[in-house]
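# Summary of structural features
Now for the letters of each chain:
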Amino acid sequence: MAVTSTFTVKGMTCSHCVQSVTQELSALPGVTAVEVDLASGGVTVASDRALDDEAVRAAVDEAGYELADA
């Protein structure tokens, strides 16, 4: 079952930011693709299972950024 989740990440300003967030989110179990829109801070994550919001928040924190509250 494919699942697509969208999030907003605050604090990204450059391509390195995008790379860091993509790398951390890609390491989560089940994640198959990550797309980041630097201009809006939007992040779309495709996975083969539902993602735990706290795991996503922790991955974004590890990258050095903040997940915006929904």
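Preceding block: the structure.
Bear in mind that the values here come from a model prediction, so they are computed numbers and not experimental data.

## As for the side chain of Ser 20
The residue Ser 20 is located in helix H1 (residues 15-26) in this model. Once residues within four sequence positions are removed from consideration, Ser 20 is found in contact with Ala 63 and Tyr 65.

## Details of the pattern of salt bridges
Opposite charge on two side chains permits pairing when their charged atoms draw close. Within the structure shown, the criterion is met by three salt bridges. Where Lys 10 meets Glu 66, a salt bridge forms, and the shortest distance between an N and an O atom there is 3.6 Å. In this pair, Lys 10 is assigned in strand S1 (residues 3-10) and Glu 66 in strand S4 (residues 66-67), connecting sequence segments 56 residues apart. Taking the relative accessible area as the measure of exposure, Lys 10 reaches 42% and is therefore partly exposed. Accessibility expressed as a relative area gives 44% for Glu 66, which makes it partly exposed.

## Points about the environment of Ala 63
Inspection of the secondary structure puts Ala 63 in helix H2 (residues 53-63). Distance from Ala 63 to Ser 20, taken between C-alpha atoms, is 5.4 Å for residues 43 residues apart in sequence. If we skip the residues at most four places from it in the chain, Ala 63 touches Ser 20, Val 21 and Glu 24.

## What about the sheet that holds S1?
For sheets, the rule is that strands pair by backbone hydrogen bonds, running either parallel or antiparallel. Read from one edge of the open sheet, four strands run S2-S3-S1-S4, paired in antiparallel fashion. Each of the sheet's edge strands pairs with one partner strand only, and the pair in question is strand S2 (31-37) and S4. Sitting on the sheet, H1 is in contact with S1, S2 and strand S3 (42-47), with an inclination near 160° to S2.

Rules and cut-offs
- Residues numbered from 1 in each chain as written.
- Predicted model: local features only at pLDDT ≥ 70, side-chain atom pairs only at ≥ 80, totals over all residues.
- Heavy atoms only, no water.
- Helix = DSSP H or I, 4+ residues; strand = E, 2+ residues; numbered from the N terminus.
- Contact = heavy atoms within 4.5 Å.
- Salt bridge = Lys/Arg side-chain N within 4 Å of Asp/Glu carboxyl O.
- Buried < 20%, exposed > 50% of the residue type's maximum accessible area, 1.4 Å probe, protein only.
- Pairing = 2+ DSSP bridges.
- Axes fitted to C-alpha atoms, helices over the stretch in contact; angles between N-to-C directions.

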